[in-house]
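# Breakdown of the fold
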Amino acid sequence: MTTREVPRVVGPGLDRVDAPLKVTGRALYPNDFSYPDLVHAALVRSTIAAGRIRSIDASSAHAAPGVLAVITFLNAPRLERAPMTLLGPSPPAPLQDDRILHYGQHVAIVVATTAEQARHAATLVRAEYDPTEALLDIDDPRAEVLTNPWGLDSERGDVNAGFTAADVVVGDNYTTPDNTNNPLGLMATIASWNGDSLTVHDSTQWPHNVRTSLAAVFKIPESRIRVLAPYVGGGFGAGLRVWPHVILTVLAARLVGRPVKLVLTRPEMFTAVGHRPNSVQHLRIGATRAGELTAIEHEGVSTVAMEDDDYEPVSAGSAFSYACPNVVTRDRQVRVNIPCPGSMRAPAEGQGNFALESALDELAHELGIDPLELRLRNYADEHPLLGLPWSSKALRECYLRGAERFGWSRRSPQPGSMRDGRWLVGYGMAGVSYPHYQVPCQARASVHRDGSANVRSAATDIGTGTYTVMTQLSAELLGLPTTQVRFDLGDSDMPYSPQAGGSGLTGALGNAVHATCQHLVQEFLDVVRDDLDSPLRGAALGDVTVAEGRIHRVGAPEQGESYIDILARHGLEELSADGRSTPPQPGGAGMATAGAFGAKFVEIRVDPDLGLLRVARVVSAIDGGRILNEKTATSQIIGGTVGGISQAMFEDTATDRGTGRIANATFGDYLMPVNADIPDMEVLFVGGPDRATPVGTKGIGEIGLVGVAAAIANAVHHATGRRIRSLPITIDKLL
C-alpha cells in the first residue's frame, strides 16, 4: 500500500459530519442524559480561603423536601487520591478532612429528588470556620517556592559572556493574570451504579483517564467502569483532569443507590475546573548592533495550589525559539491558597511567548531594526538544544507569506506615525511555536458485508472536528467515500486514546488510524492469500492500493476486487483489525520532532483621548504540517485567535486579596470578547507534511492563541509609543 503513505486528504475540507446532529439538537452532551430514577446534586463551597471547619450543621438540609443525603468530611468514606497521569498528579481527593485550602473548596454535596431541591438544601448547610491568614500573592515571602518543579530548566553557552558581548541589552518584568476556563457547556457529571459496575457521563476530554482514576479511588476494576463523552460542550483544558466534583458525584450515587446528576453553576466553574495561573516573568535579551542575539535569560514564576501540581513551564519555549548561543531558562512555582490551576489553551506558551516576543520587539526598537527582520536574522534552522534538523519547519515561510498578505511593508517604523483620522494605527507581529506532543494511541476498524466501515477509538471531540477529520482519514486509507465511513469516539470501552489536549490528539489518533486501516487491508489480503478465484491472490501490502471500495494491484485497477465481494465469497459478515501509534522519539532518524510554528500579524487602532483599543485585523500564517481539513483547521486557528484577543485585552480573574473570593465569577463580570470585538481574520497554512510520522500532521489546537497577545502589545507600542508589559491591556493603561 505504498500510496497510503501520503494520504490524499488535503483540500478545502469536508463539512462537519456531526453538524446535522448538533444543529437539530440530537447530539447528546453529558447534561442531556437521564435515567428513570435520576436524582440531583448540588455543592456547598467554603467561604474562606484558609483555615479549618470548626463545625458543619446539615440538619436543616436533611430536613428539607426531597433531600436524600448530605455528605461532608464528617461522614464521607476514606478516598485515595487518584493516580498520576500523563499530565501530572491528580487533584486531592475531596471531603477527607476539615482543612480549607482555597475559597470555594467543596465542603459538602447535597443529593435531592430535583435539582431545585438540591440547590435549596445546599443553602441550608451551615459551616463555621476557624480562618487563618491566606497566602494569595505571588510575591508573598511566606509562600513555599518550588524551584525547577518539572526539571525543564535549561542552560547553554555562557549567558554572562553573552551579555558582556552585547551592544544592546533590553530587559524588564512581564506579568500575566489568572484566566479562567469558561467553555460554553457547563461541566456536568452523571454517575449510575449497577451493583459493582459504574457508568459515568462526564464533560471530559479524556474518558480513559476518568475510568482509570475512578477505578483507583473506588477500588474497583477498570473493566467495571464505562465513561461516556460522545459530545463535550467545549474544553480548552478544563476537562483534562478528574476534578473533585466528578468523584463526589460518583460517591453520592453509590451512597444513595440511585443515578446522580451534578451540573456546575457558572460561579462554581471558576473554582472547580482549573484556570491559567498568573505569572511574573523577567526576561533579558542581548544583541549586537547588527541584530544578532548574544544572550537570552528568561525566568518565570507562576502560582500553584497548596496541595496540587500544575504543568506550566512558562520560560521553556525560549530555549528553542531562536538561534542564540547563550540561553538560560528557569521556572519556579509559588504555593498559595487558590483553586487548583490546570491547562488552559496554550498552557505556559500563552504566557511565555507574550514576554519573549514583547522583549524582542523592544530590542528591535532599540536597534532600529524592523521586528520581522530581527526574527529572520535569528532564525533557528536546527533545534538549538539538540543540534538536529527539524522534522519540519516552515516558520520562515510563515513570516514571509504572512507579512506579504498583511502588508507589513506599509508599516512606518516610527511609533505614533500612522493614523486613520483621529485613530492611532499600530502594526504588530510575533513569531510563535508550540512544542511537539504525542503519546501512544489505539484504534479499531471494521468493514461490513454492505461495504461500510466503522472506525473507533476512545478519543473525544471537544468541538475541534475530530469526528470529521478522522472520518476523512479513515475513508482515504480504506478507499471508501466518507458517506460509507462512521467514526465513533467518546467511550472508554473503545480502544485507548489519550486526551484531546496538548495539540497532540490528531497526531496520535491519526497515526493509530493509519496503522489500523493498513492492518485491516492486510486482513483482507490474508483472507484471499490462497484464493484461486481472487486477482489479489498472493499480493503483499506493498503491492496494492485502495479506491472506490476495492483493493487492487498498484497500476492495474482491473486486478482487484471489492471488500463486499471478498466478504461474501468467504462467508464473512465483517473483518476487523486493531492498530496503534508509536510516538516518534526526539532525535530519532536524526531529526528533532517539531510542533507547529506560525507568525501573527495584527493591526490595531487606539483612540488617543479615550484610550479605546480596537483590533482591526489579524493575519495568521501557520505551519501545521499536513492539514487534514482546511475548513476545520481554519476554524481552529480563528477560535484560538479569539482566545488570544481575549487574553490580551479582556480576561482577568479578579481575586479579592482580603478573602480569596473570586470577585468576577459570572459572565456578567468576567470580561470576554463579543462579536463586535472580533476583527477580520485571515488564516494561511504553509509548509508540508511533517516527516516524523506517517500521516504528517502537527497539532494546531494551541498555536492559534500563542503570539496574539504579544502581537497586540507590540502593535500598541507602534501606535502609541507605550510599552505595555502587563496583561490585559485595558483603557487605564492607555490613558
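Anyway, here's the lowdown on the structure attached to this text. Going along each chain's sequence as written, the residues are numbered from 1 onward. It should be noted that, the model being predicted, local features are given only for residues of pLDDT at least 70 and side-chain atom pairs only at 80 or more, the latter also being counted only at that level, while totals for whole chains, interfaces and linings use all residues. The side-chain figures draw on all heavy atoms in the structure; neither hydrogens nor water molecules are used.

### With respect to the overall build of the protein
We count it as follows: Put simply, DSSP marks the helices as runs of H or I at least four residues long and the strands as runs of E at least two long, and each gets a number from the N terminus on. Just to be clear, the radius of gyration here is over C-alpha atoms, and the globule rule we use is 2.2 Å times residues to the power 0.38. The buried label goes to any residue with under 20% of its type's maximum accessible area, the exposed label to any with over 50%, and the partly exposed label to all in between, with areas taken from a 1.4 Å probe on protein chains only. Method for areas: the Shrake-Rupley scheme with a 1.4 Å probe, in which residue coverage is limited to the protein chains shown. When charges are counted, Lys and Arg contribute as positive and Asp and Glu as negative, whereas His and the chain ends are disregarded. Every charge is mapped onto a representative atom, which is NZ of Lys, CZ of Arg, CG of Asp or CD of Glu.
A tally of helices and strands in the protein yields 16 helices and 30 strands. Over its C-alpha trace the protein gives a radius of gyration of 27 Å, about what one expects of a compact globule, namely 27 Å for 735 residues. With the C-alpha coordinates of the protein rotated into their principal frame, the extents come out at 80 × 75 × 50 Å. Within the protein, the fraction of its 735 residues that count as buried is 61%. Surface accessibility of the protein: about 27,000 Å² in total, with carbon and sulfur atoms responsible for 50%. A distance of 2 Å separates the average location of the 65 positive side-chain charges in the protein from that of its 82 negative side-chain charges.

### Some remarks on the packing of helix H5 (residues 207-218) against helix H6 (residues 244-256)
Here is the rule we go by: To get an axis, fit a line to the C-alpha atoms, keeping to the stretch in contact for a helix; angles then go from 0 to 180 degrees between the N-to-C directions. Working rule for angles: under 35 degrees goes down as roughly parallel, over 145 as roughly antiparallel, 65 to 115 as roughly perpendicular, anything else as oblique. Crossings are sorted by hand: turned counterclockwise from the far helix by less than a right angle, the near helix makes the crossing left-handed, and turned clockwise it makes it right-handed. Contact criterion: two residues are considered in contact whenever any of their non-hydrogen atoms come within 4.5 Å of each other. Each residue is assigned to one of three groups, with Ala, Val, Leu, Ile, Met, Phe, Trp, Tyr, Cys and Pro labelled nonpolar, Asp, Glu, Lys and Arg labelled charged, and all others, Gly among them, labelled polar.
Interaxial distance between H5 and H6 falls to 11 Å at its minimum, and their mutual angle equals 50 degrees. If you check the angle between H5 and H6, you find them oblique. For H5 against H6, the interelement crossing comes out right-handed. Across from Leu 214, Val 217 and Phe 218 in H5, the residues of H6 making contact are Ile 247, Val 250, Leu 251 and Arg 254. In terms of residue class, the contact of H5 with H6 is made up of six nonpolar, no polar and one charged.

### Some details on the sheet that holds strand E21 (residues 441-448)
Put simply, the rule is: We treat two strands as partners when DSSP finds at least two bridges between them.
If you walk across this open sheet you meet the four strands as E23-E22-E21-E27, and the pairing is mixed. Two strands bound the open sheet, and with one partner strand each, they are strand E23 (485-488) and strand E27 (574-581). Averaged over all pairs of adjacent strands, the angle between strand axes in this sheet comes to 15 degrees, irrespective of strand direction. In terms of strand pairing, E21 meets E27 through eight bridges, oriented antiparallel. In the strand pairing of E27, Ala 445 is matched with Ala 577. Against the sheet, helix H11 (residues 466-478) engages E21, strand E22 (453-456) and E23, with an angle of about 135 degrees to E23. Packing against the sheet, helix H12 (residues 505-527) makes contact with E21, E22, E23 and E27, and its axis sits at approximately 140 degrees to E27.

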